[in-house]
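Listed below, chain by chain, are the residues.
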Amino acid sequence: MAQTVAISPLTRIEGHLAIHTEVEPDGSTGRFKITQARCEGEMFRGIETILQGRDPLDAQQITQRICGVCPISHGLASCMAQETAYGIRPTRNGRIAQNLIFAANYLQSHILHFYHLAALDFVDITAVLNYNGNDPTLSALRNWVQNALDKNLAFPGAPFLPRYEVKQYLNSDESNWKLINSYVQALQIRRLAHEMAAVFGAKLPHSTSLVPTGVTGEITIERVLAYKARLAQITEFVQSVYLPDLLTAAAAFGHYWDIGRSYGNFLSYGAFRMEENTGENLLNFFPSGVIIGGRFQPLDTQKIREYVENSRYSSPSNLHPWDGQTKPAPSKGYSWLKAPRYDNQVMEVGPLARVMVTYLGPGNDARKKEIEDTLSSLSVPVEKMNSVLGRHLARGLEARWLAAQCVRWLNELELDQPAAADFSLPRQGRGVGLTEAPRGALGHWLTIQNYKIEHYQCIVPTTWNCSPRDDQGRAGAVEKALEGTVLEDPAQPIEAGRIVRSFDPCIACAVH
Ligand code: NFE
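Here the structure is a predicted model, which means the values were calculated and not measured.

Draft legend 1. Looking closely at the overall build of the protein chain. Counting its regular elements, the protein chain contains 14 helices and 16 strands. Expressed as lengths along the three principal axes of its C-alpha atoms, the size of the protein chain is roughly 65 × 55 × 45 Å. Across the 512 residues that make up the protein chain, the buried fraction comes to 60%. Across the protein chain, contacts joining residues at least 24 apart in sequence account for 72% of those joining residues at least 6 apart. Accessible area of the protein chain: about 18800 Å², with a carbon and sulfur share of 49%. Placing the 49 positive and 52 negative side-chain charges of the protein chain at their respective mean positions leaves the two points 2 Å apart.

Draft legend 2. Seen up close, the coordination of the iron atom of the ligand. The protein supplies the iron atom of the ligand with one donor atom, Cys-70 (SG), which lies at 2.4 Å. The two metals, the iron atom of the ligand and the nickel atom of the ligand, are separated by 3.2 Å. Its location among the elements puts Cys-70 in the loop between helix 2 (59-62) and helix 3 (71-86).

Draft legend 3. Molecular detail of the sheet that holds strand 15 (residues 452-459). Taken in spatial order, the 3 strands make up an open sheet running 13-14-15, and their pairing is antiparallel. Of all the strands in the sheet, the pair left with one neighbour each is strand 13 (429-437) and strand 15. On average, adjacent strands in this sheet sit at an angle of 15 degrees to one another, irrespective of strand direction. Relative to strand 14 (residues 440-449), strand 13 runs antiparallel, the two sharing 9 bridges.

Draft legend 4. Region of interest: the packing of helix 7 (residues 221-252) against helix 10 (residues 388-412). Contact geometry for helix 7 and helix 10: axes closest at 10 Å, N-to-C directions at 160 degrees. Taken as axis vectors, helix 7 and helix 10 run roughly antiparallel relative to one another. Taken as a pair, helix 7 and helix 10 cross one another with a handedness that is left-handed. Of the residues in the contact of helix 7 with helix 10, the class split is 16 nonpolar, 5 polar and 3 charged.

Draft legend 5. Fine view of the environment of Ala-18. Here Ala-18 is to be found in strand 2 (residues 17-25). The buried category is assigned to Ala-18, whose relative accessible area is 0%. Spatially, the C-alpha atom of Ala-18 lies 40 Å from that of Thr-213, the residues being 195 residues apart in sequence. Aside from chain neighbours lying at most four places away, what touches Ala-18 is Ile-7, Ser-8, Arg-38, Cys-39, Glu-40 and Glu-42.

Draft legend 6. Molecular detail of the coordination of the nickel atom of the ligand. Surrounding the nickel atom of the ligand are the protein donor atoms Cys-67 (SG), Cys-506 (SG) and Cys-509 (SG), at 2.2 to 2.3 Å. Note that the nickel atom of the ligand binds 4 donor atoms; their angles at the metal cover 104 to 113 degrees, and the shape is tetrahedral. Mapping the donors of the nickel atom of the ligand onto the primary sequence gives the spacing C-x438-C-x2-C. The exposure class of Cys-67 is buried, given its relative accessible area of 3%. Judged by relative accessible area, which is 2%, Cys-506 ranks as buried.

Draft legend 7. Up close: the packing of helix 4 (residues 92-118) against helix 6 (residues 173-201). Running from amino to carboxyl end, helix 4 crosses helix 6 at an angle of 165 degrees, the nearest separation of the two axes being 9 Å. When the axis of helix 4 is compared with that of helix 6, the two are roughly antiparallel. For the crossing formed where helix 4 meets helix 6, the hand is left-handed.

Draft legend 8. Structural detail: the sheet that holds strand 3 (residues 32-41). A sheet is described by the order of its strands in space; here 4 strands give the open sequence 1-2-3-16, paired in antiparallel fashion. At either margin of the open sheet sits one strand with a lone partner, and together these are strand 1 (3-7) and strand 16 (486-487). Sheet analysis places strand 2 next to strand 3, joined by 9 bridges and oriented antiparallel. Paired with Glu-22 across the bridge in strand 3 is Gln-36.

Draft legend 9. A look at the site of the ligand. Taken together, Cys-67, Cys-70, His-74, Ala-437, Pro-438, Arg-439, Leu-442, Val-460, Pro-461, Thr-462, Cys-506 and Cys-509 form the complete shell of residues around the ligand. At 3.0 Å, a side-chain N or O of His-74 approaches an oxygen atom of the ligand.

Draft legend 10. Examining the nonpolar core more closely. Counting residues in each nonpolar core, the largest one holds 143 residues, and the members touching the most others are Phe-200, Tyr-227 and Phe-272. With 14 residues, the top contributor of residues to this core is helix 4. In this structure Phe-272 touches Asn-99, Phe-102, Ala-103, Tyr-106, Leu-283, Asn-284, Phe-285, Phe-286, Leu-402 and Trp-409, once residues within four positions along its chain are discounted. Formed by 16 residues, the second largest nonpolar core is a distinct cluster that contains Ile-292, Trp-322, Leu-434 and Ile-459.

Draft legend 11. Highlighting the pattern of salt bridges. With the rule as written, the count across this model stands at 24 salt bridges. Salt-bridge contacts for Glu-40 lead to Arg-38; the nearest nitrogen and oxygen are separated by 2.7 Å. For Arg-38, a relative accessible area of 34% translates into the label partly exposed. For Glu-195, the salt bridge goes to Arg-230, with nearest N and O atoms at 2.8 Å. Placement of Glu-195 in helix 6 and of Arg-230 in helix 7 is noted, with a sequence separation of 35 residues between them. For Glu-195, a relative accessible area of 28% puts it in the partly exposed group. Residue Arg-230 is classed as partly exposed on the basis of its relative accessible area of 23%. Three or more residues are tied together by salt bridges with common partners; here these are Arg-12, Asp-121 and Arg-501.

What counts and what doesn't
Residues numbered from 1 in each chain as written. Predicted model: local features only at pLDDT ≥ 70, side-chain atom pairs only at ≥ 80, totals over all residues. Heavy atoms only, no water. Helix = DSSP H or I, 4+ residues; strand = E, 2+ residues; numbered from the N terminus. Buried < 20%, exposed > 50% of the residue type's maximum accessible area, 1.4 Å probe, protein only. Contact = heavy atoms within 4.5 Å. Areas by Shrake-Rupley, 256 points an atom, 1.4 Å probe, with all protein chains shown as cover. Lys, Arg positive; Asp, Glu negative; His and termini not counted. Charge placed at Lys NZ, Arg CZ, Asp CG, Glu CD. Donors = N, O, S within 2.8 Å, 3.2 Å for Na, K, Ca; no water. Pairing = 2+ DSSP bridges. Axes fitted to C-alpha atoms, helices over the stretch in contact; angles between N-to-C directions. Parallel < 35°, antiparallel > 145°, perpendicular 65-115°, else oblique. Left-handed = near helix turned anticlockwise from the far one by under 90°. Nonpolar A, V, L, I, M, F, W, Y, C, P; charged D, E, K, R; others polar. Tetrahedral: all angles 85-135°; square planar, octahedral: opposite > 155°, others 65-115°. Near = heavy atom within 4 Å. Polar contact = N/O pair within 3.5 Å; in protein donor to acceptor, adjacent residues only side chain to side chain. Core = buried A, V, L, I, M, F, W, Y, C linked by side-chain atoms within 4.5 Å. Salt bridge = Lys/Arg side-chain N within 4 Å of Asp/Glu carboxyl O.

Structure (structure tokens):
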């Protein structure tokens, strides 16, 4: 008989997300299969509405407040939307300094996701109970776990349960212990990444230095060296801790190459500008493009629409973001996320989408080879990238590529040359800023009238991934990835948690 399984709230993500599923017995196996899934974004923000009537220059500050995890991507999308509206371009130093701030935030975000959000789905944290050294963080963690066990409190791996069965975790003490050590080390590495972003970004999480055309600070040798020293430590961590830990988890949970498959349609706007230009169709370090039916197509943003049939909005459905509206209707639909679609298709965005666009699109031969070499070392065909483990692996590859590229960008900075250009605001104009946040395709669409923001719409990565059903009833990407999944035990739906977390959702962003 059909029953419902809910995870509400889903923890170890950003923001408020509930997952409701219907499950049915999977033959006579004693297991259950998800037949339908609903992703419910459970809050409203209204930042697009707050922006109306404000000075356009406020936008890169206000939109950064959409999120504390990926603020730089919002700041940059906003700066680029303003650049196109003002008819200006970044300076060389400005572009590179923005890339360096952004890359630092990416590295921080991917490491955060793997260790501090996702890893506890795979690691038996009780391995820390054997710790008898002097490290204050590990000692505090051990005491916390002991206290939670004594009082039967919720575990970070399963707040809706005392904890999962041990069989769900890495099965060797050595691996669990190694991952717990890395978890603690990763806290320090993320701090370094924030410091590294602040070298050119002035402060984090919400940078005060981002402006259209570049950054407000100067490019000095002290800043270059401060960034470089931190980058060396982070690169070392990515190479000798993050990637090996990722491969340990992949080896132990190999069946997750077959779990969490979405439609296989991928979208990337491209990110990290490689030329002093703005607007659409730029030369980017992460390329833009679309994969539908396994084939690459160039990006055409005219094909984007947002649907609201199942969303908590009374605004018209099927609008392009130039015309998009945000009118809350709390009693309608089942999610505060809209449902963006590209050419009428449901798209997955994020690291996996970028890796697939890199792999199936033109150029980037060295990265294509790296993808192939990594997969063949795991004996996994590229088709299996569309999975829980594929999403984790894509983040690891990106971290390696970005860390290496930052060295080149540092070398390309021109000391004591301007890091931004002068410009004046037009009375009216409109502009679009397209980039790739760590979690995927991010667009800001801006219209200016009488020197004020008349209209502002954002379509955000998690809005794509965690969207509810659209007007045609098609499930969003995460909903699709859940459907068909077999749960060993519906009372402990760890498979569903692992699938949703592999997308690294941020509902604060998604509802913006
Ligand atoms: Ni709030 Fe974000 C990223 C953006 S996700 S984390 O990465 O934009 O929707």
